[in-house]
Amino acid sequence: MNIGIDRLSFYTSNYFVDLKTLAKARSVDPDKYYVGIGQEKMGIPPPDEDVVTLAASAAYPLMQDGELDDVELFLFATESGIDQSKAAGIYVHGLLEMKRRCRCVELKQACYSGTAGLQLAIGFVARNPGKKALVIASDIARYELRSPGEATQGCGAVAMVISANPRLLSIEPECGYYTEDVMDFWRPNYRLEALVDGKYSTMVYIHTLLESWKQYAEQSGRSLVDFDRFCYHIPFTKMAEKAHQKLAHKLKVSVGKEEMLALLEESLRYSRIMGNCYAGAMYIGLASLLETAEEDLASKRVGFYSYGSGCVGEFFSGIVQPGYREFLYADQHRNLLANRTELTYQQYEDIFNYGVPTDGGSYVFPQYKTGPFRFSGISQHKREYETLTS
Ligand code: HMG
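No experiment lies behind these values; they were computed from the predicted model shown.

Draft legend 1. Representation of the packing of helix H7 (residues 237–250) against helix H8 (residues 257–274). Running from N to C, H7 and H8 cross one another at 150 degrees; their axes reach a closest spacing of 9 Å. Relative to H8, H7 is oriented roughly antiparallel. As H7 packs across H8, the resulting crossing turns out to be right-handed. Contact residues: Thr237, Ala240, Glu241, His244 and Gln245 in H7; Lys257, Met260, Leu261, Leu263, Leu264, Leu268, Ser271 and Arg272 in H8. For the contact of H7 with H8, the residue count by class is six nonpolar, four polar and three charged.

Draft legend 2. Inspection of the site of the ligand at higher detail. In the vicinity of the ligand there are 27 residues, among which Lys32, Glu79, Cys111, Lys199 and Lys242 approach most closely. Here an oxygen atom of the ligand and a backbone polar atom of Ser309 are 2.8 Å apart. Across the complex, the protein chains shield 74% of the 1,100 Å² of accessible surface that the ligand would expose by itself. Mapped onto the shell around the ligand, the elements with two or more residues apiece are helix H2 (30–37), helix H6 (198–220) and strand S12 (301–308). Sort the elements by how many residues they give to the shell around the ligand and H6 lands first, with five residues. Within the shell around the ligand, the residues separate by chemical class into 11 nonpolar, 10 polar and six charged.

Draft legend 3. The arrangement of the sheet that holds strand S2 (residues 15–18) in detail. What the three strands build is an open sheet, ordered S3-S2-S14; its pairing is mixed. Two strands lie at the open edges of the sheet, namely strand S3 (41–43) and strand S14 (341–342), each paired on one side alone. Where S2 and S14 come together, two bridges link them in parallel fashion. Across the sheet, the residue bridging to Tyr15 is Thr341, located in S14.

Draft legend 4. Main features of the packing of aromatic side chains. Under the definition given, this model contains 26 aromatic pairs. Relative to Phe185, the ring of Tyr143 lies with its centre 6.0 Å away and its plane at 75 degrees, an arrangement referred to as edge-to-face. Residue Tyr143 is found in the loop between strand S6 (132–141) and strand S7 (154–164), and its partner Phe185 is found in strand S9 (residues 185–186); the two are separated by 42 residues along the sequence. Ring centres 4.9 Å apart and planes at 85 degrees place the aromatic pair Phe365 and Phe375 in the edge-to-face group.

Draft legend 5. Expanded view of the pattern of salt bridges. Counted by the stated rule, this structure contains 25 salt bridges. The residue Glu67 makes a salt bridge to Lys132 at a minimum N-O spacing of 3.8 Å. Placement of the pair is Glu67 in the loop between helix H3 (51–64) and strand S4 (71–77) and Lys132 in strand S6, with a sequence separation of 65 residues. For the pair Glu67 and Lys132, a shared accessibility class is recorded, and that class is buried. We note a salt bridge from Arg191 to Glu144, for which the minimum N-O separation is 2.7 Å. Taken together, the positions of Arg191 in the loop between S9 and strand S10 (195–196) and Glu144 in the loop between S6 and S7 put the pair 47 residues apart, joining distant regions of the chain. For Glu144, a relative accessible area of 36% puts it in the partly exposed group. One continuous salt-bridge network, built from bridges that share partners, spans Asp6, Arg7, Asp65, Glu67, Lys132 and Arg167.

Draft legend 6. Representation of the environment of Glu291 within the structure. Its location among the elements puts Glu291 in helix H9 (residues 281–292). Separated by 25 residues in sequence, Glu291 and Glu266 place their C-alpha atoms 8.7 Å apart.

Draft legend 7. Quick peek at H6. Taking 1.5 Å per residue as the helical rise, H6 with its 23 residues ought to reach 33 Å, and the 33 Å between its terminal C-alpha atoms agrees with that figure. Within H6, the full set of buried residues consists of Ser201, Val204, Tyr205, Ile206, Thr208, Leu209, Ser212, Trp213, Tyr216, Ala217 and Ser220. Contacts from the buried residues of H6 go to strand S8 (169–179), S10, strand S11 (229–232), H7, S12 and strand S13 (312–320). Of the residues trailing H6, Gly221 is marked for its positive phi of about 70 degrees.

Draft legend 8. Layout of the packing of H3 against helix H4 (residues 88–95). Contact geometry of H3 with H4 gives a least axis separation of 9 Å together with a crossing angle of 45 degrees. The orientation of H3 relative to H4 falls into the category oblique. The handedness of the crossing between H3 and H4 is right-handed. On the side of H3, the interface is formed by Val52, Ala55 and Ala56, while H4 contributes Ala88, Tyr91, Val92 and Leu95. Taken together, the residues that form the contact of H3 with H4 break down as seven nonpolar, no polar and no charged.

Conventions and cut-offs
Residues numbered from 1 in each chain as written. Predicted model: local features only at pLDDT ≥ 70, side-chain atom pairs only at ≥ 80, totals over all residues. Heavy atoms only, no water. Axes fitted to C-alpha atoms, helices over the stretch in contact; angles between N-to-C directions. Helix = DSSP H or I, 4+ residues; strand = E, 2+ residues; numbered from the N terminus. Parallel < 35°, antiparallel > 145°, perpendicular 65-115°, else oblique. Left-handed = near helix turned anticlockwise from the far one by under 90°. Contact = heavy atoms within 4.5 Å. Nonpolar A, V, L, I, M, F, W, Y, C, P; charged D, E, K, R; others polar. Near = heavy atom within 4 Å. Polar contact = N/O pair within 3.5 Å; in protein donor to acceptor, adjacent residues only side chain to side chain. Areas by Shrake-Rupley, 256 points an atom, 1.4 Å probe, with all protein chains shown as cover. Pairing = 2+ DSSP bridges. Phe/Tyr/Trp six-rings, centres within 6.5 Å; stacked < 30°, edge-to-face > 60°. Salt bridge = Lys/Arg side-chain N within 4 Å of Asp/Glu carboxyl O. Buried < 20%, exposed > 50% of the residue type's maximum accessible area, 1.4 Å probe, protein only. Expected span 1.5 Å × (residues − 1).

Structure below.
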């Protein structure tokens, strides 16, 4: 039985900072960002967006299309959790009026948790072939102002329906996965911003890729030439390119710059203007690949490398399904990305420093442009959400 991604919809904030603006404020050559790390813009969530509103807005088109009707497992992957106890997905479940017969759990392992969700959901569907699972990876990548990671910030949520006989991508059974206790990137409970050993994290990302690939190749007997495209975890687009070059070098496969771009470039287009979306980043890459590739990718094999600091990595693969184009939300996504509002440097810093009040009082948050849902305020330590659709 084929199991995989049946539908995929994403959402990001309506606000962004151009990295030329950040470069000016930091007295840095803009090419360090545009060329050196391969990023042009970063998505910035206004005070009335959080991982719940990002996620609910991502899944809203799926709800409208009736795709959530048979969902009985909802896995919410995030490292930007809003509560130590309650799963953020339960708010989303309520906002989307999903049926009550549903398991709902939050998953965490840095940027890897979206893939953990996907693989667990596949197990659920294998046991319940008529049922569906919803996986939402929703995150806000936030580093300290003036830190090396600052230019890689971003935000977004990807909602995926996992089912038998999927219409977008069937996931192949072979996978290589690897865990090692390292401190390359982490965020203690008392901090709003991640701590990161930047250069070291890029080395661990690559080491984990090589280990994950080794297992995958042993299981599947495949080599790099068996793939038509690749989707890597994308903390910044240059990371994905460098990782692929390292893998090819290790396997003694010669991959020129043009050939490498042909394998990767379509998957990097959205991330270049959105920034790191942590748990959702690789799946934003998949949306970018499926929605922007001119070539019909039906029956093509895509290789995936998912990485979460700390660390867990996984290499797996999938086959794009014939007719997939009919089931994409490509126009919606293009409109969303094309109609965002650019922030000045001062507006960015003001939003960055806004902060959710923690004193238990009642607050109403200013209304910015959001999707169908907004984080409207907080009262007695309870978050309040507003549905803006009629
Ligand atoms: P940095 O150290 O400030 O940058 O930040 P740099 O000095 O290394 O410069 C970056 C590149 O730009 C270099 O190229 C420069 O040469 C080039 P490279 O040597 O790497 O090929 N450059 C220029 N190019 C053209 N024109 C110029 C110019 N100037 C410089 N004028 C760093 C880089 C990665 C450390 C930083 O962005 C960072 O800390 N990022 C956050 C951590 C991160 O993203 N790590 C990636 C792997 S870990 C991961 O993916 C997991 C993660 O998503 C979290 C999770 O799992 O939850 C982060």
